Amino acid sequence: MIIVTGAAGFIGSCLISKLNQENFNAIIAVDRFGIEEKKRNLSGKKVKEYIERDVFMDWLDKNQEEVEFIFHMGAKTDTAEFDTELLEKMNTQYTKDIWTRCIQYQIPLVYASSAATYGLGEHGYEDTESKIPALKPLNPYGQSKQDFDLWAIAQEQKPFFWAGLKFFNVYGPNEYHKGRMASVIWHAFQQISKTDAMKLFRSHNPDFKDGEQMRDFVYVKDVVEVCYFLMHHRKNAGIYNLGSGQARTFLDLTRATFKAMDKEERISFIDTPKDIRDKYQYFTEATMDKLKDIGYKKDFYTLEEGVEDYVQKYLMQDLKVY
């Protein structure tokens, strides 16, 4: 059996699709399943058992002999959440509890970290573990992920295989329920659909022109391919970046969305809200050498390829999920 936490969420549900495609159907889905708007993410997927997040540890203690692998994708991912106790409980401590059991029961583990740990990027975006202690996240969510990464690399006892994945700006199908935390591509599609236009944040940094703020956007289909690779690789444990490896501008993203929708470009700019202006990232780009060096060879979707696939196969179909 393969466990996927956060199973009804964005990345977790896409990962289950990938596992099903590869004929892994004994999936244990862990999440809070009472959230109505996420239910269609699991529609049509092959799942052996659904386990509520709050009782998962007890379930694992009783069924550990049958578990082959754990993908811990579940987390409180709201970057505007300031309840540090809640984040410590749901993100940091919950992951520690899983980690401890993976050691005890000899279960390999892949867990979701985040590029939010890099903060403003003043120390770069290399996934060298010796550099992790210097990172300064900009919000409590990023700090909760940083706290676990630091704890993990400091442990003398570790699962026989483990990998923490620092997800950059992931976009793709099954994210519709995330609301304001959904990707810029999702928001661009919604805004263009309603107004035939798109408003982007104006730059308040003299080093960047309006719309030329840059992010590392990575398609969720690439994310789950890396997860699947690691499930079979099971060596070279550690913390890895997971982005496309190429920063692109918000103008690039918006223009690709207009093109995929077959609409004429109409782009304007508005001020970045003052409450986030001093914590706004103008550039992120994953250094991907570490993952490639352990043998990951697949090409990543370009931004244009990913946006076209996402918009035309999923967003324009509305109800179609991956």
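Describing the pattern of salt bridges
Consideration 1: Enumeration according to the criterion identifies 19 salt bridges in this entry.
Consideration 2: A salt bridge links Glu36 to Lys39; its shortest N-O distance comes to 3.2 Å.
Consideration 3: The shortest N-O distance in the salt bridge between Arg202 and Asp210 comes to 3.9 Å.
Consideration 4: Take Arg202: its relative accessible area is 29%, and that puts it in the partly exposed class.
Consideration 5: Owing to a relative accessible area of 30%, Asp210 belongs among the partly exposed residues under this scheme.
Consideration 6: Linked by salt bridges that have partners in common, Lys18, Glu22, Glu225 and Lys298 make up one network.

Focus on unusual backbone geometry
Consideration 1: In the Ramachandran plot, Asn23 falls in the positive-phi region, its phi being about 70° despite a non-glycine side chain.
Consideration 2: Relative to the helices and strands, Asn23 resides in the loop between helix H1 (10–21) and strand E2 (27–31).
Consideration 3: One non-glycine residue with positive phi stands out, namely Gln106, at about 60°.

So, the pairing of strand E4 (residues 69–72)
Consideration 1: Here E4 shows two buried faces, one formed by Phe69 and Phe71 and the other by Ile70 and His72.
Consideration 2: Across four bridges, strand E1 (residues 2–5) lies against E4 in parallel orientation. When the bridges of E4 are listed, Thr5 appears paired with His72.
Consideration 3: Here three bridges tie E4 to strand E5 (residues 109–114), and the two strands are oriented parallel to one another. In the strand pairing of E5, Ile70 is matched with Leu109.

Describing H1
Consideration 1: With 12 residues, H1 should cover 16 Å at 1.5 Å per step; its first-to-last C-alpha distance of 17 Å lies within 8% of that length.
Consideration 2: A large share of H1 lies buried, amounting to 11 of its 12 residues.
Consideration 3: Residues of H1 that are buried in the fold lie against E1, E2, E4, strand E6 (162–167), strand E7 (169–171) and helix H6 (220–233).
Consideration 4: Following H1 by one or two positions, Asn23 adopts a phi angle in the positive range, close to 70°.

Considerations on the side chain of Thr95
Consideration 1: As for its placement among the helices and strands, Thr95 is situated in helix H3 (residues 84–105).
Consideration 2: The residues touching Thr95, leaving out its near neighbours within four places in the chain, are His72, Tyr111 and Phe148.

Examining the sheet that holds E4
Through backbone hydrogen bonds, the strands of a sheet pair up, either in parallel or in antiparallel fashion.
Consideration 1: Spatial ordering of the open sheet is given by E3-E2-E1-E4-E5-E6-E11, a layout of seven strands whose pairing is parallel. The open sheet has two free edges, formed respectively by strand E3 (49–52) and strand E11 (238–242), since each of these has just one partner strand. This sheet shows a mean twist of 20° between the axes of neighbouring strands, independent of strand direction.
Consideration 2: Sheet strands in contact with helix H4 (residues 140–154) are E5, E6 and E11, and its direction is about 140° off that of E5.

What about the packing of helix H2 (residues 56–63) against H3?
Consideration 1: At a minimum axis separation of 11 Å, H2 and H3 run at an interaxial angle of 5°. By the angle class used here, H2 and H3 are roughly parallel. Contacts from Phe56, Met57, Leu60 and Asp61 of H2 reach H3 at Tyr94, Asp97, Ile98, Arg101 and Tyr105.

What counts and how
Residues numbered from 1 in each chain as written. Predicted model: local features only at pLDDT ≥ 70, side-chain atom pairs only at ≥ 80, totals over all residues. Heavy atoms only, no water. Salt bridge = Lys/Arg side-chain N within 4 Å of Asp/Glu carboxyl O. Buried < 20%, exposed > 50% of the residue type's maximum accessible area, 1.4 Å probe, protein only. Helix = DSSP H or I, 4+ residues; strand = E, 2+ residues; numbered from the N terminus. Pairing = 2+ DSSP bridges. Expected span 1.5 Å × (residues − 1). Contact = heavy atoms within 4.5 Å. Axes fitted to C-alpha atoms, helices over the stretch in contact; angles between N-to-C directions. Parallel < 35°, antiparallel > 145°, perpendicular 65-115°, else oblique.

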